[in-house]
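Architecture and fold: a report
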Amino acid sequence: MPNLVEIRALHFNYGDRPILSDLRMDFPRGKVIAVMGGSGSGKTTILRLIGGQLAPQSGEVSVDGQPVHALDTVGLYRLRRKMGMLFQHGALFTDLTVFENVAFPLREHTQLPEELLRDLVLMKLHAVGLRNAARLKPAEISGGMARRVALARAIALDPQLIMYDEPFAGLDPISMGVTANLIRRLNDALGSTSILVSHDVHESFLIADYVYFLSNGAIVAEGTPDEMRQSQDPYVKQFVHAQGDGPVPFHYPGRTLADDLGLGAP
Amino acid sequence: MMQNPLAAFGGWIRASVAGAGYAARFFIAVLRASAGLWRRPRLVSDQIHFIGNYSLVIIAVSGLFVGFVLGLQGYNILNRYGSEQALGVMVALSLVRELGPVVTALLFAGRAGTSLTAEIGLMKAGEQLAAMEMMAVNPIERVLAPRFWAGVIAMPVLAAVFSAVGVIGGYIVGVQLIGVDDGAFWSQMQNGVDLWDDIANGVIKSVVFGFAVTFTALFQGYEAQPTPEGVARATTRTVVIASLLVLWLDFVLTAFMFK
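Residues numbered from 1 in each chain as written. Chains lettered and ligands numbered in written order. Predicted model: local features only at pLDDT ≥ 70, side-chain atom pairs only at ≥ 80, totals over all residues.

All right, on to the overall build of chain B then. Looking only at helices and strands, one finds eight helices and zero strands in chain B. Counted from the first residue to the last, chain B has its helices and strands arranged as α-α-α-α-α-α-α-α. Taking the principal axes of its C-alpha atoms as reference, chain B extends roughly 65 × 55 × 30 Å. In chain B, which comprises 259 residues, the share counted as buried stands at 42%. (Helix = DSSP H or I, 4+ residues; strand = E, 2+ residues; numbered from the N terminus. Buried ≥ 20, exposed ≤ 12 C-beta atoms within 10 Å, placed from the backbone.)

Our next topic: the sheet that holds strand β5 (residues 66–67) of chain A. Strand-to-strand pairing in sheets goes through backbone hydrogen bonds, with the strands running parallel or antiparallel. Residues and elements named next belong to chain A. The sheet built from four strands is open, its strands ordered β2-β1-β4-β5 with antiparallel pairing. The open sheet has two free edges, formed respectively by β2 (17–28) and β5, since each of these has just one partner strand. Relative to β2, strand β1 (residues 3–14) is paired through eight bridges, and the arrangement is antiparallel. In the sheet register, I7 faces β2, and the bridge partner there is M25. (Pairing = 2+ DSSP bridges.)

Moving on: the environment of T73 of chain A. Relative to the assigned elements, T73 of chain A resides in helix α2 (residues 73–80). Sequence separation of T73 of chain A and S192 of chain A is 119 residues, and the distance between their C-alpha atoms is 24 Å.

So, on to the confidence of the model for chain A. When pLDDT is averaged along chain A, the result is 88, and 97% of the positions lie at 70 or above. Within chain A, the lowest mean pLDDT, 82, falls on helix α9 (residues 234–240) of chain A, and the highest, 94, falls on helix α3 (residues 98–109) of chain A. (pLDDT = per-residue confidence, 0-100.)

This part takes up the sheet that holds strand β7 (residues 161–165) of chain A. Residues and elements named next belong to chain A. If you walk across this open sheet you meet the six strands as β6-β7-β8-β3-β9-β10, and the pairing is mixed. Both outer strands of the open sheet, β6 (83–86) and β10 (218–223), are each paired with one neighbouring strand and no more. This sheet shows a mean twist of 15 degrees between the axes of neighbouring strands, independent of strand direction. (Axes fitted to C-alpha atoms, helices over the stretch in contact; angles between N-to-C directions.)

Looking now at helix α4 (residues 114–127) of chain A. Residue and element names in this part refer to chain A. End to end, α4 covers 20 Å across 14 residues, agreeing with the expected 20 Å (1.5 Å per residue, within 8%). Those residues of α4 not exposed but buried are V121, K124 and L125. The buried residues of α4 occupy one face: seen down the axis, they fall within an arc of 100 degrees. In α4, the exposed positions that point more than 90 degrees away from the buried face belong to E115, L116, D119 and M123. Summarising the contacts, the buried residues of α4 are in contact with α3 and α5 (143–154). (Expected span 1.5 Å × (residues − 1). Arc of directions from axis to C-beta. Contact = placed C-beta atoms within 7 Å.)

All names here are of chain A. Among the six residues that make up strand β8 (residues 193–198), six are buried, leaving the element largely enclosed by the rest of the structure. Of the two faces of β8, the one holding T193, I195 and V197 and the one holding S194, L196 and S198 are both buried throughout. Sheet topology note: the strand β3 (residues 32–37)/β8 ladder contains five bridges and is parallel. Paired with M36 across the bridge in β8 is S198. Sheet topology places β7 next to β8; five bridges connect them, and they run parallel. By the bridge assignment, L161 is partnered in β8 with T193. For the segment spanning β7, helix α6 (residues 173–190) and β8, crossover handedness is right-handed. (Right-handed = clockwise from strand over helix to strand, strands pointing away.)

Looking now at the nonpolar core. Ranked by size, the top nonpolar core spans 131 residues in total, and within it V35 and L196 of chain A carry the most contacts. Counting residues per element, this core draws most heavily on helix α3 (residues 87–125) of chain B, at 19 residues. For L196 of chain A, the contacting residues outside a window of four places in its chain are V32, I33, A34, V35, Y164, P167, I183, S204 and A208 of chain A. (Core = buried A, V, L, I, M, F, W, Y, C linked by C-beta atoms within 7 Å.)

If you want it as structure tokens, here you go:
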């Protein structure tokens, strides 16, 4: 099967509020796929649905041929061992050192001898450039470094699927470039599939093989980064060229200014 | 719009029953997740050390002052009836049967309980629990169950420390400062305190309070809104609910134990 993750006819609501409607997406093995869209467009919800943290109202999500939402808890946890996820703010365990954070999934899921575990953790930390920060606590490192530690933890078990939730948010340009390079390099080195949820156009286009654009819970455009750059779709144009107004209005919808100031016709 | 008071009361009853049912299911989930702890006792012992350290000083100091007060009040009352020789047994029974378990539980709720709620709530707000789930690690098994059993084990030990220090406090005031006879103080205590009727019942109380306070703290932390305000509210709820629960349980247990 060429696709590691497939989403078919997916509908998801929070209460009465529809978030995703009739979604169809493919995530081929070995590729970096970017899912882009404005805030509140449902990007992170897609990751949570793939990880089985949320259940859809209808439709199917399958990972490695297994329908995620038909699995029982044991099956879901077994499937999650094939996944790694980088949370927006790293979600490091604040009471553990950098070393212990990366060692956590290895200690939980393997019976490796301490020497081998140590070597593996140091190799993962070396891959993200933080081997010498192993003894520090999360409170002692910067936001960019925390994101890299979280990345090392996400790849600790060499997952088939790595999901990134806004990996560039709040990073300085240097950290952003470093993180983007790491995502691409690690994906290729591990032979994994990466799903990159982001609204950072420049960095995402640099490393992604394919891009989905999401608006109001539906795919509005998809293609390679080059195709997206040349797209004439008004939403894609507004997003890629960072235009203030367009299909996504500057003003929150509602009453007009004239109405609010009482200047309308009596 | 004014709501029909009957409808509001009915709504409150329904919400309370649903909340209690949810808490009961959560309690069962914690118990089921505890099975794996036999293979990893270190998780529990680390938390016992942690929780015990949180509360030991405040409980020892409080026990000493409560003992002082019991020595003073006890002497005042017993002296009216010429029974000051019974000060030792009065101090010991008050502490072992009642004040030790209850005051320790209230202090434990304020010190370790709030700390547990804030810790779990902040772990939730920082997506640490979600990250654990995505690493195929059950946070109830890895985080909540060890803390729960650590609280249950630590409570009777802390209550014993409270009672022991309280007896020393009563001795300092009653014997050393006021001048009650040393031998009478200890011998009356030895004769008057029963291992099963008094000490064992006190231990049972403190174990039950340990269950109640620790579960309340963990449940409130786990169900906290993942915001600073949500964690603050959950911490306050822990103190209020756990304290009321301890006092209510104390009444129920006392009614059954000392009929």
